[in-house]
Amino acid sequence: MTVSVCINTYRRPHVFKTLCSISNQDLPQNTDLEIVVTDNDHLGSGKEYVDQFTASTGILVNYAIEPNKNIALARNNGILRARGDWIAFIDDDEIAEDCWLSSLLNCLNQYNADAALGIVKAVYPSDSPNWIQRCDPLSKNWAADGTQVWGGSTCNSIIRRTSLFALDHLFDPSLGHAGCDDTDLFFRLSKANSRIFMCGGAKVYETIPPERITINYLKRRFMRNGEASSKIYHADKIQSYPLKFFFKCAARAFGFASRSSLYFLLRDQQKWLKYKIYFWTELGRIRPILRLPMIEMYR
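The structure displayed is predicted, hence computed values, not measured ones.

Basis of the calculations
Residues numbered from 1 in each chain as written. Predicted model: local features only at pLDDT ≥ 70, side-chain atom pairs only at ≥ 80, totals over all residues. Heavy atoms only, no water. Axes fitted to C-alpha atoms, helices over the stretch in contact; angles between N-to-C directions. Helix = DSSP H or I, 4+ residues; strand = E, 2+ residues; numbered from the N terminus. Parallel < 35°, antiparallel > 145°, perpendicular 65-115°, else oblique. Left-handed = near helix turned anticlockwise from the far one by under 90°. Contact = heavy atoms within 4.5 Å. Nonpolar A, V, L, I, M, F, W, Y, C, P; charged D, E, K, R; others polar. Salt bridge = Lys/Arg side-chain N within 4 Å of Asp/Glu carboxyl O. Buried < 20%, exposed > 50% of the residue type's maximum accessible area, 1.4 Å probe, protein only. Arc of directions from axis to C-beta. Core = buried A, V, L, I, M, F, W, Y, C linked by side-chain atoms within 4.5 Å.

Q: How should I be thinking about the packing of helix 10 (residues 242-265) against helix 11 (residues 269-286) in this particular structure?
A: Helix-helix packing is characterised by the crossing angle of the two axes and by the distance between the axes. Where helix 10 meets helix 11, the closest approach of the two axes is 8 Å, and the angle between their N-to-C directions is 160°. One way to sum up the angle between helix 10 and helix 11 is to call them roughly antiparallel. Crossing of helix 10 against helix 11: the hand is left-handed. Only Lys 271, Trp 272, Tyr 275, Lys 276, Tyr 278, Phe 279, Glu 282, Leu 283, Arg 285 and Ile 286 of helix 11 make contact with helix 10, whose side of the interface consists of Phe 245, Phe 246, Cys 249, Ala 250, Arg 252, Ala 253, Phe 256, Ala 257, Arg 259, Ser 260, Tyr 263 and Phe 264. Class assignment for the residues of the contact of helix 10 with helix 11 results in 15 nonpolar, 1 polar and 6 charged.

Structural data, given as structure tokens:
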């Protein structure tokens, strides 16, 4: 059995550390590992770090450039070059635990699954405020270990190759600048009756740069999340009864805004941010009804 680990990179030196964590995986017997790196910088800036990794480990990497700056196109580029029976995904700002892949593979075997998701633990800058670290807005844990889920993302996941290629298309380039093309793909996997399970033992650690803990970034990110939720998961509701959906989202947004204001007055910044995130998410859900352009996270 061959597992292909696909990594997209864009002008991020951290990819070297990501590659090193992949090389340290404790794999089950009779399992081969292939590493596929797709550089979305047309100048090929990531090759320096791939070459550095190969020189220090002796491990060859399937490296290629996707010159069109679009994360969906880069993901598709990697998948089409991958040869594995299973295709795993990790981001270039993450580090995997040594048991990452073996945990995902055990989960697939245990539940006869077609895909599995792991936990992403955010590692915030050491000087970031304690209330942001306690709120922990950027970690991802979809559900309890062993739970079947109906969504996901590529930041820590594995998918059966045949399930991927049974879809009518892979990642949607029209969503590649918004960055919710992976949300769309996992939703389509579920609709195609692929079984997706949560694997609590598969952990990666994401290094969060200072610019991602600003209020402006968090607002854009969670509004985009809400927007993606509406466009992908609730498209039928928006089409069938848009006004009802609008007022439900608006009512929830008002409630979350009120709670956020209360905790602001109480100077509880952790809870203020928590409800502010809920508020931004509901605002994002409304955007497709108003036919506003999608928020672009990857420009």
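Once you've had a look at it, read on.
Q: Help me understand the pattern of salt bridges, please; the structure alone is not making it clear to me.
A: Should their charged atoms come close, side chains of opposite charge can pair. Applying the stated rule across the entire model yields 17 salt bridges. Here Asp 41 ties to Arg 11 by a salt bridge, and the two come within 3.2 Å at their closest N and O atoms. Residue Asp 41 is found in the loop between strand 2 (32-39) and helix 2 (47-57), and its partner Arg 11 is found in the loop between strand 1 (2-9) and helix 1 (15-23); the two are separated by 30 residues along the sequence. Judged by its relative accessible area of 1%, Asp 41 falls in the buried class. Of the charged contacts, one joins Arg 75 and Asp 182 as a salt bridge, the two residues approaching to 3.8 Å between their closest N and O atoms. Taken together, the residues span a long stretch of sequence, with Arg 75 in helix 3 (residues 71-81) and Asp 182 in helix 7 (residues 181-191) at a distance of 107 residues. Of the two residues examined, Arg 75 and Asp 182, each falls in the buried class. Through salt bridges with shared partners, a single ionic network connects Arg 12, Asp 92, Asp 93, Lys 140, Glu 206 and Arg 212.

Q: Is there a simple way to think about helix 1 in this case?
A: Note on helix geometry: an α-helix contains 3.6 residues per turn, so any two residues three or four positions apart are oriented the same way. For helix 1, every residue scored as buried is listed here: Val 15, Thr 18, Leu 19, Ser 21 and Ile 22. Here the buried residues of helix 1 occupy an arc of 160° about the axis, which is enough to place them on one side.

Q: Even after reading the chapter, I still don't get the nonpolar core, so can you show me in this structure?
A: Looking at soluble globular proteins, one finds that nonpolar side chains tend to be buried together. Formed by 32 residues in total, the largest nonpolar core has its most connected members in Ile 7, Trp 100 and Ile 158. At the level of secondary structure, the elements contributing two or more residues to this core comprise strand 1, helix 1, strand 2, helix 2, strand 4 (86-90), helix 4 (100-111), strand 6 (115-123) and strand 9 (196-207). With residues near it in sequence (within four places) discarded, Ile 7 still touches Val 15, Thr 18, Leu 19, Ile 22, Ile 35, Val 36, Val 37, Thr 38, Ile 90, Asp 91 and Asp 92. Grouped together as the second largest cluster of nonpolar side chains are 23 residues, Ala 122, Phe 222, Tyr 263 and Trp 272 included.

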